[in-house]
Amino acid sequence: MRINRTTQVLAASVLGVTLVGAAMTSPALADDNPNSGIDVSVNITPTTTPGQLSMTVADNNGVSLQENGSDAAARQFVGTLPTVTVTDTRNPEEIPAGEFWAVVGQSSQFVASDDPAKTIGPEYLGWKPRLLSDSSTGAVSAGEPVSSVVSDGTGAPEVGLKGQELLVSTANSSDEIGTSKVNADLALRTPVDVAAGEYHSTLTLSLFNQS
């Protein structure tokens, strides 16, 4: 098109004396035609991220239990579980009726660093969960305390963390959306004649979403 327009202008210039009005009758340039523009439009919708349920554990270097509260019946070593955060960003309308979530914990066997034959069973480790955030509806609550098999005298079930025990849960997920924080007081209570040594265990936390 640019070549054609240039040719038309040059032709009018050469013949300008004898064809005075010739340039006026040539096709109009596209830039001069108000009807030559093309409207270009696009509808960009907001970016939406699907809501989700997730769990995180605060940065930590592990929990080092320290002896505190030992007596003639047991040796006791205590510590605090790092803060666990459950975040639910779903819309209540997206959650099926009756759905609930729960975080449970289970300990592995304690094994001595200097001698793998020396162990302390996970049933000797108990905890007392504690909700750190406010529950606006009361739907979110901490789990019940669990004692070592060497009783701590509180009346809590004497089963330890050998099996999966409840840390925190909600009765109905759609009742309360947002962030819930929880930790727990840990207490390892062993017989008084427990073998000396440095022991290590793994406490595994799992988030379940069920209906």
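Our subject is the structure that appears above.
Residues numbered from 1 in each chain as written. Predicted model: local features only at pLDDT ≥ 70, side-chain atom pairs only at ≥ 80, totals over all residues. Heavy atoms only, no water.

**A few points about the environment of Gly121**
Phase 1 of the analysis: Inspection of the secondary structure assignment puts Gly121 in the loop between strand 7 (119-120) and strand 8 (125-131).
Phase 2 of the analysis: Gly121 sits 39 residues away from Gly160 along the chain, and the two C-alpha atoms are 9.1 Å apart.
Phase 3 of the analysis: Once residues lying within four places of it in the same chain are set aside, the contact partners of Gly121 are Gln109 and Phe110. (Helix = DSSP H or I, 4+ residues; strand = E, 2+ residues; numbered from the N terminus. Contact = heavy atoms within 4.5 Å.)

**A short note on the sheet that holds strand 6 (residues 110-112)**
Phase 1 of the analysis: In spatial order, the strands read 7-6-12; together these three strands make up an open sheet with antiparallel pairing. Strand pairing shows two members of the sheet lacking a second neighbour, strand 7 and strand 12 (199-200), which therefore form its edges.
Phase 2 of the analysis: Pairing analysis gives two bridges linking strand 6 to strand 12, with the strands arranged antiparallel. Note that in strand 12 the partner of Ala112 across the bridge is Tyr199. (Pairing = 2+ DSSP bridges.)

**Topic: the sheet that holds strand 9 (residues 140-142)**
Phase 1 of the analysis: Taken in spatial order, the four strands of this open sheet run 9-10-5-13, and their pairing is antiparallel. Every other strand in the sheet has two partners, leaving strand 9 and strand 13 (203-210) as the edge strands with one partner each. Taking the axes of each pair of neighbouring strands and ignoring which way they run, one obtains an average angle of 20° across the sheet.
Phase 2 of the analysis: Of the pairings in the sheet, the one linking strand 9 to strand 10 (residues 165-170) comprises three bridges and is antiparallel in character. What sits directly across from Ser141, in strand 10, is Ser169. (Axes fitted to C-alpha atoms, helices over the stretch in contact; angles between N-to-C directions.)

**Digging into the pattern of salt bridges**
Phase 1 of the analysis: All told, the structure shown has five salt bridges when counted by the stated rule.
Phase 2 of the analysis: Arg75 serves as the salt-bridge partner of Glu67, at 2.9 Å between the closest nitrogen and oxygen.
Phase 3 of the analysis: A relative accessible area of 41% places Glu67 in the partly exposed class.
Phase 4 of the analysis: Close ionic contact of Glu99 with Arg90 constitutes a salt bridge, the shortest N to O distance being 2.5 Å. Taken individually, Glu99 and Arg90 each receive the classification buried, so the pair is uniform in this respect. (Salt bridge = Lys/Arg side-chain N within 4 Å of Asp/Glu carboxyl O. Buried < 20%, exposed > 50% of the residue type's maximum accessible area, 1.4 Å probe, protein only.)

**As for the side chain of Glu99**
Phase 1 of the analysis: Along the chain, Glu99 falls in the loop between strand 4 (84-88) and strand 5 (100-107).
Phase 2 of the analysis: Of the residues examined, Glu99 reaches a relative accessible area of 8% and is grouped as buried.
Phase 3 of the analysis: Setting aside residues up to four positions removed in sequence, Glu99 forms contacts with Arg90, Ala171, Asn172, Ser173, Asn209, Gln210 and Ser211.

**Topic: the pairing of strand 3 (residues 75-80)**
Phase 1 of the analysis: In this sheet, strand 3 lies alongside strand 2 (residues 66-67) in antiparallel orientation, the contact comprising two bridges. Its bridge partner lying in strand 3, Glu67 is registered against Phe77.

**Things to note about the side chain of Thr85**
Phase 1 of the analysis: Looking at the element boundaries, Thr85 is found in strand 4.
Phase 2 of the analysis: What makes Thr85 buried here is its relative accessible area of 11%.
Phase 3 of the analysis: In terms of polar contacts, Thr85 uses its side chain to reach the side chain of Lys181, at 3.1 Å. (Polar contact = N/O pair within 3.5 Å; in protein donor to acceptor, adjacent residues only side chain to side chain.)

**A word on the nonpolar core**
Phase 1 of the analysis: Core analysis: the largest hydrophobic core is formed by 24 residues, its most contacted members being Leu81, Trp101, Val103, Trp127, Leu167 and Val168.
Phase 2 of the analysis: Those elements that provide at least two residues to this core are strand 4, strand 5, strand 6, strand 8, strand 10 and strand 11 (178-190).
Phase 3 of the analysis: If you tally residues by element for this core, the top one is strand 11, at four residues. (Core = buried A, V, L, I, M, F, W, Y, C linked by side-chain atoms within 4.5 Å.)

Function-wise, these values are silent; they only describe arrangement.
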